[in-house]
Amino acid sequence: MALDLSGRAFVKQRWAARGALVAAALAVLVPLVHGGGIGLLLLLAAAVGLAVSAVALWWTLTLRGPLRWVAALVALIVPAALVALFAVTLLWSLLVSVALWAVAVVSGRYALGSTGETRVRAMRERRAPPVRRPFLIMNPRSGDGKVGRFGLKEKAERLGAEVVLLDPERQQDVTALAREAVANGADLLGVAGGDGTQALVAAVAAEHGLPFLVISAGTRNHFAMDLGLDRDDPSTCLDALTDGVELRVDLGFAGDRPFVNNASFGAYAAIVQSPGYREAKIGTSLELLPDLLLGEQGPRLTARAGRTTLEAPQAVLVSNNVYRTDDPFGLGYRDRLDGGVLGVLGIRVDSAAQAAALLLTPGPHGLTLVTAREVVVDADRPEIEAGVDGEALLLPSPVRCRVRPGALRVRVPRERPGVPRRKARLDWRRLGRMAATVGRTAVHHRHHTASPDRHHTASPDRHHTA
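Residues numbered from 1 in each chain as written. Predicted model: local features only at pLDDT ≥ 70, side-chain atom pairs only at ≥ 80, totals over all residues. Heavy atoms only, no water.

Asker: Kindly report on the confidence of the model for the protein chain, identifying the contributing residues and their values.
Answerer: Low pLDDT means the predicted atomic positions in that stretch should not be read closely. Per-chain confidence: the protein chain averages 81 in pLDDT, with 77% of residues scoring 70 or above. Considering only residues more than four positions removed or in separate chains, one finds that residues 1–6, a stretch of pLDDT under 50, has three contacts. In this model, residues 440–466 is a region of pLDDT below 50 whose contacts with residues beyond four sequence positions or in other chains number 18 contacts. (pLDDT = per-residue confidence, 0-100. Contact = heavy atoms within 4.5 Å.)

Below, the structure written as structure tokens:
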């Protein structure tokens, strides 16, 4: 009976693959047939317009004075004109094309969705032993006052936690506060604040093998988002004190500085160091970007990640595990926080032509994406500007970035919203093979290959638990 059910499932997948290919082909053909020669000219105009917009954007970032504003105007007008031109000329066929493309995407993802290659193994939840003396640090200014608005201090104290509110009027050493709490017998550390504060206290928790509680009271809280926590109501994070589970996640370090999200070097890191950045972010960025992007200011960087060397990149982002890059709706998310690797993204664009090429055909000439256990960022000066989980720092060069796999015991509520899961990537070659495959052969092959896949994905779990 199982074979029959699997056969039926694969028949549906095969026809879904065929439907995806037909819908994708029609999505391209409908506007071309409707527009005829005009349709081809419009496609050519779109490609040229995209390149012109990229060049204009590059000039906007690298020029000063009246030419900058002319370039900015071109970067805005050209895409708007193209949209208007397409709407006037091919309106109904474009709407049909968009609808067909949506059908192709949905059908293609359904066809590929049950294969092992597209699944993301969830982080393993462990039993959370009870705690008796939880210690929480709360920043009342984070997230426009979420600590006060959601009554986090009062709820935490009702649950038996000791809470320290940071003084908004003076700088306090949260690492020292956490160490003092551990010395006084705290058996859990937690933070309601931004990611930078989270990372500092998390490092103390990891050092002493204590569970760490993340309360999503910051402005963005990317770490909380990737843990699946509710960023709209941070009070739900406190449920982990009474009904929680543990996740073992990795912790990154840039030199001696811990980070839960990322460390950035180059143009962005240099800009946030500017004294005027907090008061005038856009103005300060526009003032500094020309010199930074053209190499006339700032350090000349070199980044080494495994066997890959990035020479003179304008920006380098080193992340604790890997950010999604294959789904525009998933950018900024990490599927896992326990992969034991650093993600490395490097950008180098030296001219307007390269900016256009990067936008039209992203590739190794302008964008580098690799993973490594260790990344060394060096510079032609003794110190490097860095942004570590949003905190502006000066670090002695070279900066050695590393990851400590499974170093952090994060306690989270048993029930939490979760993060958007990665959908199947549209691999048109695989869809073509699936669409052309005869049913019985495909089912037979699928059943013979399923068992090793399951064995392969189960083994790391057993090893990790041990």
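Asker: Outline the packing of aromatic side chains, listing residues and values.
Answerer: Tallied over the entire structure, the rule returns one aromatic pair. Both rings, one in Trp101 and one in Trp428, keep their centres 5.8 Å apart while their planes meet at 45 degrees; by these two values the pair is tilted. One end of the pair, Trp101, is in helix H3 (residues 66–112); the other, Trp428, is in helix H12 (residues 428–436), and 327 residues separate them in sequence. Note on Trp101: relative accessible area 40%, which makes it partly exposed. Arg18 extends its terminal NZ or CZ atom over the ring of Trp15, reaching a point 4.5 Å from the ring centre. (Phe/Tyr/Trp six-rings, centres within 6.5 Å; stacked < 30°, edge-to-face > 60°. Helix = DSSP H or I, 4+ residues; strand = E, 2+ residues; numbered from the N terminus. Buried < 20%, exposed > 50% of the residue type's maximum accessible area, 1.4 Å probe, protein only. Lys NZ or Arg CZ within 6 Å of the ring centre and 35° of its normal.)

Asker: Any chance you could break down a nonpolar patch on the surface for me, citing the residues and the numbers?
Answerer: Residues Leu41, Leu44, Val48, Val52, Val70 and Val74 make up a contiguous nonpolar surface patch of roughly 500 Å² in combined accessible area. Looking at the nonpolar patch, the elements that each hand over two or more residues are helix H2 (37–62) and H3. Sorting elements by how many residues they give to the nonpolar patch places H2 first, with four residues. Structurally, Val48 is set in helix H2. Looking at Val48, the relative accessible area reads 46%, which means it is partly exposed. (Patch = residues over 30% accessible without salt bridge, like charges linked within 9 Å, V, L, I, M, F, W, Y side chains within 5 Å. Areas by Shrake-Rupley, 256 points an atom, 1.4 Å probe, with all protein chains shown as cover. Salt bridge = Lys/Arg side-chain N within 4 Å of Asp/Glu carboxyl O.)

Asker: With reference to specific residues and values, describe H3.
Answerer: Its 47 residues place the ends of H3 only 51 Å apart at the C-alpha level, less than the 69 Å of an ideal helix rising 1.5 Å per residue. The largest bend along H3 reaches roughly 100 degrees and is located at Leu90. (Expected span 1.5 Å × (residues − 1). Bend = angle between axes of the 7 residues up to and from the residue.)

Asker: So, the nonpolar core: which residues are in play, and what are the values?
Answerer: Counting residues in hydrophobic clusters, the biggest one holds 55 residues, and the most contacted among them are Leu136, Leu189, Phe212 and Phe223. Counting residues per element, this core draws most heavily on helix H7 (residues 195–208), at eight residues. Here Leu189 is in contact with Phe135, Ala178, Ala181, Val182, Val201, Val204, Ala205, Leu210, Pro211, Phe212 and Leu213, once residues within four sequence places are set aside. Ranked by size, the runner-up nonpolar core spans 25 residues in total, among them Phe265, Val377, Ala386 and Val403. (Core = buried A, V, L, I, M, F, W, Y, C linked by side-chain atoms within 4.5 Å.)

Asker: Quick one: what's the story with unusual backbone geometry, residue by residue and with numbers?
Answerer: With an omega of -5 degrees, the peptide bond running from Ser397 to Pro398 counts as cis. Mapped onto the elements of the fold, Pro398 is located in the loop between strand E16 (391–396) and strand E17 (399–413). One non-glycine residue, Ala312, lies in positive phi territory at about 50 degrees. Mapped onto the elements, Ala312 comes out in the loop between strand E10 (308–311) and strand E11 (315–320). Within the chain, Asp389 stands out as a residue other than glycine whose phi angle is a positive 50 degrees. With respect to the secondary-structure elements, Asp389 resides in the loop between strand E15 (383–388) and E16.

Asker: Account for the packing of H3 against H12, naming residues and giving values.
Answerer: Axis separation between H3 and H12 bottoms out at 11 Å; the angle between their running directions is 70 degrees. On the basis of their axis angle, the class for H3 and H12 is roughly perpendicular. Here Trp101, Ala104, Gly108, Ala111 and Leu112 of H3 come into contact with H12, specifically with Trp428, Arg430, Leu431 and Met434. Looking at the contact of H3 with H12, its residues break down into seven nonpolar, one polar and one charged. (Axes fitted to C-alpha atoms, helices over the stretch in contact; angles between N-to-C directions. Parallel < 35°, antiparallel > 145°, perpendicular 65-115°, else oblique. Nonpolar A, V, L, I, M, F, W, Y, C, P; charged D, E, K, R; others polar.)

Asker: Would you mind going over the sheet that holds E15 in detail, with residue names and values included?
Answerer: Across the sheet, six strands lie side by side as E13-E12-E11-E8-E15-E16; this open sheet has antiparallel pairing. Pairing within the sheet leaves two strands with one partner each, and these edge strands are strand E13 (367–372) and E16. This sheet shows a mean twist of 25 degrees between the axes of neighbouring strands, independent of strand direction. Relative to E16, E15 is paired through six bridges, and the arrangement is antiparallel. Of the residues in E16, the one forming a bridge with Glu383 is Pro396. (Pairing = 2+ DSSP bridges.)

Asker: Account for the pattern of salt bridges, with residues named and values stated.
Answerer: This model, assessed by the stated rule, comprises 11 salt bridges. The closest approach of N and O atoms between Arg334 and Asp226, which form a salt bridge, is 2.7 Å. Of this pair, Arg334 sits in the loop between E11 and strand E12 (342–347) while Asp226 sits in helix H8 (residues 222–226), and the two are 108 residues apart along the sequence. Like Arg334, the residue Asp226 is buried in the burial classification. Through salt bridges with shared partners, a single ionic network connects Glu246, Arg409 and Arg411.

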